[in-house]
Amino acid sequence: KPNLSVKDLHVSIEEKEILKGLNIEVNGGEIHAVMGPNGTGKSTLASALMGHPSFEIEKGEAYLDNNNLFDMEVDERAQAGLFLAMQYPSEISGVTNSDFIRSAMNAQREEGDEVSLMKFIRQMDEKMDMLEIDQSFQHRYLNEGFSGGEKKRNEILQLMMLQPRMAILDEIDSGLDIDALKVVAKGVNSLRSEDFGCLIITHYQRLLNYITPDYVHVMMQGRIVKSGGPELAQKLEEHGYDWIKEEIGIED
Ligand code: ADP
Ligand code: MG
Ligand code: MG
């Protein structure tokens, strides 16, 4: 079973400390949601784990299985089975969506064990059907002229094709209408298995109506300040974040 362990993580950007001792552990078979007000460091967590060069790891550890993520290059993290939606560039001129996904799949396989074209086409057809993505998107240039919703669906297509051991999905629901949201949720739900763990970062509870998390964590001021089950997300939807601030005694 995959395991992601983040321990006492401190991360800064431009000398400013954003993550201040963050702990989280995600196992295969589990979906965790991280929620929190804007600017609390949710995306910083995703960027730090992906190895974004602007973010300085000041202290702490992050392991995927027995691999120390902070000792690995970005592509090595992907090879170890970590998927970050944001690791994919927004646009690459001259590379079709289909070529891009196929080379990303092959990059995480051993040499000589490349995915066959037939198998690749069959899988793409099946998954594009499920995500209601038009076949023409195979031959479009990656993300060029994609609408916001098309980009999100395409990220989930990449996720489904790559079948990572652990995925970190930051704001996959932003800007989606309800139909697109359901499709995206269907894709993520289809991946649920003991061999797959998922960390969903979201500002809104809405997505969690369609992807029921096993654990919900609230992040404030660079730390996880409260954890619970799916009912916690419901309570946040109804009452906002102020009651948690009072409970733990922090000010804005
Ligand atoms: P969230 O995703 O929870 O809304 P972020 O992780 O995006 O929060 O941001 C946390 C804090 O880090 C914010 O105060 C934000 O302004 C700051 N920050 C994020 N990225 C940068 C950056 N590239 N340069 C400077 N400050 C940044
Ligand atoms: Mg933000
Ligand atoms: Mg964010």
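- An unreviewed UniProt entry lists the protein chain under the name Fe-S cluster assembly ATP-binding protein, from Salisediminibacterium halotolerans.

1. With respect to the overall build of the protein chain
Part 1 of the argument: Counting secondary structure elements, the protein chain contains 8 helices and 10 strands.
Part 2 of the argument: For 252 residues, the compact-globule estimate of 2.2 N^0.38 gives 18 Å, and the C-alpha radius of gyration of the protein chain, at 18 Å, lies within 12% of that figure.
Part 3 of the argument: With respect to the principal axes defined by its C-alpha atoms, the protein chain has extents near 60 × 40 × 35 Å.
Part 4 of the argument: Counting every position in the protein chain, which comprises 252 residues, the buried fraction comes to 34%.
Part 5 of the argument: Counted over contacts in the protein chain with a minimum sequence separation of 6, partners at least 24 positions apart contribute 73%.

2. A closer look at the sheet that holds strand S7 (residues 166-170)
Part 1 of the argument: One open sheet holds the 6 strands; their spatial order is S6-S7-S8-S3-S9-S10, and the pairing between them is mixed. With partners counted over all chains shown, the strands left at the sheet margins are strand S6 (82-84) and strand S10 (223-228), one partner each. For this sheet, the mean inter-axis angle between neighbouring strands, taken without regard to orientation, is 20 degrees.
Part 2 of the argument: Sheet analysis places S7 next to strand S8 (residues 197-201), joined by 5 bridges and oriented parallel. Residue pairing across strands places Ile 168 opposite Leu 199, the latter belonging to S8.
Part 3 of the argument: Relative to the sheet, helix H1 (residues 42-50) contacts strand S3 (31-35), S6, S7, S8 and strand S9 (215-220), its axis offset from that of S7 by approximately 140 degrees.

3. Considering the nonpolar core
Part 1 of the argument: Within the largest apolar cluster, 57 residues are counted, with the highest numbers of intra-cluster contacts made by Leu 49, Leu 84, Leu 169, Cys 198 and Ile 200.
Part 2 of the argument: It is H1 that contributes the most residues to this core, 5 residues altogether.
Part 3 of the argument: Setting aside residues no more than four positions away along its own chain, Leu 169 makes contact with Ala 85, Cys 198, Ile 200 and Ile 201.

4. So, the packing of helix H4 (residues 117-130) against helix H5 (residues 148-162)
Part 1 of the argument: Running from N to C, H4 and H5 point in directions that differ by 135 degrees, and their axes come no closer than 10 Å. Judged by the angle between their axes, H4 and H5 are oblique. Regarding H4 and H5, the two cross each other, and that crossing is right-handed. Of H5, the residues touching H4 (which contributes Gln 123, Met 124, Lys 127 and Met 128) are Leu 157, Met 160 and Met 161.
Part 2 of the argument: In terms of residue class, the contact of H4 with H5 is built from 5 nonpolar, 1 polar and 1 charged.

5. What about the site of ligand 1?
Part 1 of the argument: Ligand 1 sits among Ile 13, Glu 14, Ile 18, Gly 36, Asn 38, Gly 39, Thr 40, Gly 41, Lys 42, Ser 43, Thr 44 and Ser 54.
Part 2 of the argument: With 3 residues, H1 is the single largest residue contributor to the shell around ligand 1.

6. A closer look at unusual backbone geometry
Part 1 of the argument: Residue Asp 8 is not a glycine yet carries a positive backbone phi of 50 degrees.
Part 2 of the argument: The residue Glu 15 is not glycine, and still its phi comes out positive at about 70 degrees.
Part 3 of the argument: Looking at Glu 15, the number of C-beta atoms within 10 Å reads 6, which means it is exposed.

7. Quick word on the pairing of S7
Remark: a regular strand shows side chains that alternate across the two faces of the sheet.
Part 1 of the argument: Here S7 lies mainly inside the structure; 4 of its 5 residues are buried.
Part 2 of the argument: Sheet topology note: the S6/S7 ladder contains 3 bridges and is parallel. What sits directly across from Phe 83, in S7, is Ala 167.
Part 3 of the argument: Handedness of the crossover joining S7 and S8 through helix H6 (residues 178-190) is recorded here as right-handed.

8. A look at the environment of Phe 55
Part 1 of the argument: By the secondary structure assignment, Phe 55 is in the loop between H1 and strand S4 (56-64).
Part 2 of the argument: Considered as a pair, Phe 55 and Gln 163 are 108 residues apart in the sequence and their alpha carbons are 27 Å apart.
Part 3 of the argument: Not counting the four nearest positions on each side in its chain, Phe 55 is found in contact with Val 11, Ile 13, Thr 44, Ser 47 and Ala 48.

9. A short note on the sheet that holds strand S5 (residues 67-68)
Part 1 of the argument: Read from one edge of the open sheet, 4 strands run S2-S1-S4-S5, paired in antiparallel fashion. With partners counted over all chains shown, the strands left at the sheet margins are strand S2 (16-27) and S5, one partner each.
Part 2 of the argument: With 7 bridges connecting them, strand S1 (residues 3-13) and S4 associate as antiparallel partners. Bridge pairing in S4 places His 10 opposite Lys 59.
Part 3 of the argument: Where H1 meets the sheet, its contacts fall on S1, S2 and S4, and the angle it forms with S2 comes to roughly 75 degrees.

Reading guide: rules and limits
Residues numbered from 1 in each chain as written. Chains lettered and ligands numbered in written order. Predicted model: local features only at pLDDT ≥ 70, side-chain atom pairs only at ≥ 80, totals over all residues. Helix = DSSP H or I, 4+ residues; strand = E, 2+ residues; numbered from the N terminus. Rg over C-alpha atoms; globule rule 2.2 N^0.38 Å. Buried ≥ 20, exposed ≤ 12 C-beta atoms within 10 Å, placed from the backbone. Contact = placed C-beta atoms within 7 Å. Pairing = 2+ DSSP bridges. Axes fitted to C-alpha atoms, helices over the stretch in contact; angles between N-to-C directions. Core = buried A, V, L, I, M, F, W, Y, C linked by C-beta atoms within 7 Å. Parallel < 35°, antiparallel > 145°, perpendicular 65-115°, else oblique. Left-handed = near helix turned anticlockwise from the far one by under 90°. Nonpolar A, V, L, I, M, F, W, Y, C, P; charged D, E, K, R; others polar. Near = placed C-beta within 6 Å. Right-handed = clockwise from strand over helix to strand, strands pointing away.

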